[in-house]
Amino acid sequence: MDALMTPWLGQPTWMWLVFITLVVALLAFDLGILDRLRRRRADAAGVAVEDQVIGIGSSLKLSAFYIAVALAFGGWVWATLGPASGMAYLTGFALEKALALDNVFVISVIFASFAIPRHLQHRVLFWGILGVIILRGLMIGLGTALVTQFDWIMWIFGAFLLLTGVKLLRGGDEETPDMANHPAVRFLRRFVPISPKLDGQKFLTRLPDATGRLRLHATPLLLALLVVEFADVIFAVDSIPAIFAITQDPFIVYTSNIFAILGLRALYFALAAMVHRFEALKPALALVLVFIGAKIFYAQFFGKVDPAISLTVTLGILGGGVLLSLWRTRNDPTPDAS
C-alpha cells in the first residue's frame with residue numbers, strides 16, 4: 001500500500017497506474033471489441049474485413065467517445081489534484097488536440113505519397129499511436145529533466161514558441177515533401193530492401209532477389225508507419241515546449257498529450273475528408289503558440305498567469321479558428337457521413 005502512495009514523477013504511483021490501466025483498456029477496446037464489430041459488419045456486407053473502410057459517421061462517434069473519456073479523466077484530475085491542475089490538464093488537452101488535428105493534413109499527404117488505400121490506413125495509425133505513446137514519454141521525460149535542472153531552458157522554450165508562431169503566421173503554402181528521399185526511408189534502406197507494392201496488411205514480406213532466393217522486404221505500409229512516427233517527433237518539438245509552458249507537472253503533461261493523441265486515429269477518417277474546411281486552424285494555432293510563448297516571458301518577470309486565463313484564451317482562439325473556418329467554407333460540399 002505504501003508503494004502505491006510513493007511519489008513517482010511528481011504524483012503518487014497509484015495515479016499513474018490508474019492512467020496506464022485506462023490507456024491499456026482503451027487500446028484493448030480498440031483491438032478487441034471494435035475489431036470484432038468491424039468483422040461482423042464486414043461479414044454482413046459480404047466483404048473482407050481488411051477491405052472495410054471506416055465511415056465518417058463511425059469516425060465521429062468513436063472520436064466523441066474518446067473525447068468524453070479524456071474529459072472525464074480531466075474531471076478526475078480536477079477533483080483529485082485541485083482546480084489548478086484540472087485547468088492545466090484541460091488547457092494542455094485542448095492545445096494538443098488542436099495540434100493533432102493540424103497534423104492530419106501531413107498524415108494524409110504521407111498516405112497519398114505511399115499510395116496507402118483507405119482500408120489499410122487504420123492499421124498504420126494504430127501502430128503509429130503505440131509508437132507515439134513511447135516516443136512522447138521519452139521526450140517528456142527528457143524535457144522534465146531539462147526544466148528541473150536548468151531554469152533558463154524555459155526562456156529558450158518561450159523564444160522558440162514565439163518564433164514558431166510568427167513563422168506560421170507569415171508562412172505560405174508548404175511544399176509537399178519528397179517521400180522517396182525521406183530520412184526514415186533512407187534509414188530503412190540500409191537494413192532491408194523495399195518492395196514496390198503492398199502485400200495486404202503486412203509490414204514485411206518475402207520476395208525473390210536476383211538469384212531467386214526469398215529475401216525480407218519492407219512494404220510501403222512499413223514506410224508509411226516510419227514516416228508517420230518521424231513526423232510525430234517533429235510535431236512534438238512544437239507541442240512539448242508548449243505544454244511545459246502551461247504546466248511542468250510530468251503527469252499533467254504526459255496524460256494530456258496521450259489522451260489528445262489516442263482519439264486521433266478515430267477522428268482521422270472524418271478529418272481527412274474535411275481537412276480543407278479548417279483553413280483558419282493553422283493561424284489560430286500560430287496565435288496560441290505566440291500567446292503561450294509570451295506567457296513564459298511574462299511569468300519570468302511578473303509571475304505565473306492564472307490557469308483560468310490560459311484556458312479561456314486558448315479555447316477562445318482555437319474555437320474562433322474552427323468557427324471561422326466552418327463559416328468560410330460553409331458552401332463547400334459535405335462528404336457522405338456513412
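Since the structure is predicted, the reported quantities are computational estimates derived from the model, not experimental observations. Along every chain, residues carry numbers that run from 1 in the direction the sequence is written. Under the rules for a predicted model, residues below a pLDDT of 70 receive no local features and side-chain atom pairs below 80 are neither given nor counted, while totals for whole chains, interfaces and linings still include all residues. As a rule here, side-chain values cover all heavy atoms of the structure and leave hydrogens and water aside.

Colleague: What's the story with the overall build of the protein chain in this structure? I'm lost.
Modeller: From N to C terminus, the protein chain includes 12 helices and four strands. The proportion of buried residues among the 338 residues of the protein chain is 45%. The contact rule is simple, with two residues in contact once any of their heavy atoms fall within 4.5 Å. Relative to all contacts within the protein chain whose residues are 6 or more apart in sequence, the contacts with residues 24 or more apart total 78%. Numbering of helices and strands runs from the N terminus; a helix is a DSSP stretch of H or I covering at least four residues, while a strand is a stretch of E covering at least two. Partly exposed residues are those whose accessible area sits between 20% and 50% of the maximum for their type, while under 20% is buried and over 50% is exposed, using a 1.4 Å probe and protein chains only.

Colleague: Would you explain the side chain of Thr91 in this entry?
Modeller: With respect to the helices, strands and loops of the structure, Thr91 is situated in helix H4 (residues 83–113). Here the side chain of Thr91 touches Met87 through a polar contact of 2.7 Å, landing on its backbone oxygen. Excluding anything up to four places from it in sequence, Thr91 contacts Ile246, Pro307, Ser310, Leu311 and Thr314. Distance and chemistry together define a polar contact, namely a pair of N or O atoms within 3.5 Å, with one atom able to donate a hydrogen and the other to accept it when in protein, and with adjacent residues in sequence counting only for side-chain atoms on both sides.

Colleague: Got a minute to help me understand empty space enclosed by the protein in this structure?
Modeller: If a probe the size of a water molecule is rolled over the atoms, the empty space left behind becomes visible. Site definitions follow a grid-based scheme: protein atoms alone, a 1 Å grid, a 1.4 Å probe that fits but cannot get out for cavities, and for pockets an open set with protein on both sides within 12 Å along at least five of seven lines, plus lining residues having an atom within 4 Å of a point. Grid points are joined across faces, edges and corners, and a volume is the space filled by probe spheres set on the points. Inspection of the entire model under this criterion finds one cavity of 30 Å³ or more. Size it by volume and the largest cavity reaches roughly 50 Å³. In terms of lining residues, the largest cavity is bounded by Leu26, Leu27, Asp30, Tyr66, Phe126, Ile129, Leu262 and Arg265. Broken down by secondary-structure element, the contributors of at least two residues to the lining of the largest cavity are helix H2 (13–45) and helix H5 (118–149). It is H2 that contributes the most residues to the lining of the largest cavity, three residues altogether. For the lining of the largest cavity, the residue count by class is six nonpolar, no polar and two charged. For this classification, the nonpolar set comprises Ala, Val, Leu, Ile, Met, Phe, Trp, Tyr, Cys and Pro, the charged set comprises Asp, Glu, Lys and Arg, and every other residue, Gly included, is treated as polar.

Colleague: I tried to follow the environment of Val106 on my own but got confused; where do I start?
Modeller: Relative to the assigned elements, Val106 resides in helix H4. As a C-alpha pair, Val106 and Asp232 span 126 residues in sequence and 9.9 Å in three-dimensional space. The residues touching Val106, leaving out its near neighbours within four places in the chain, are Ala231 and Phe235.

Colleague: How should helix H3 (residues 56–81) be read in this particular structure?
Modeller: End to end, H3 covers 37 Å across 26 residues, agreeing with the expected 38 Å (1.5 Å per residue, within 8%). Restricting attention to buried positions, one finds in H3 the residues Ile56, Gly57, Ser59, Leu62, Ser63, Tyr66, Val69, Ala70, Phe73, Gly74 and Val77. Phi turns positive, to about 105°, at Gly82, one or two residues after H3. One less than the residue count of a helix, multiplied by 1.5 Å, gives the span that helix is expected to have.

Colleague: Help me understand a nonpolar patch on the surface, please; the structure alone is not making it clear to me.
Modeller: Taken together, the side chains of Phe150, Trp152, Trp155, Ile156, Tyr298, Phe301 and Phe302 make up a nonpolar region of the molecular surface, amounting to roughly 810 Å² of accessible area. Those elements that provide at least two residues to the nonpolar patch are helix H6 (153–170) and helix H11 (281–302). Along the chain, the position of Phe302 falls in helix H11. Overall, Phe302 belongs to the exposed group, its relative accessible area being 64%. Residues with no salt bridge and a relative accessible area higher than 30% make up the patches, which join like charges within 9 Å and nonpolar side chains (Val, Leu, Ile, Met, Phe, Trp, Tyr) within 5 Å. Residue burial considers only the protein chains on display, and all accessible areas are found by Shrake-Rupley using a 1.4 Å probe. Every case where a carboxyl oxygen of Asp or Glu lies within 4 Å of a side-chain nitrogen of Lys or Arg is listed as a salt bridge.

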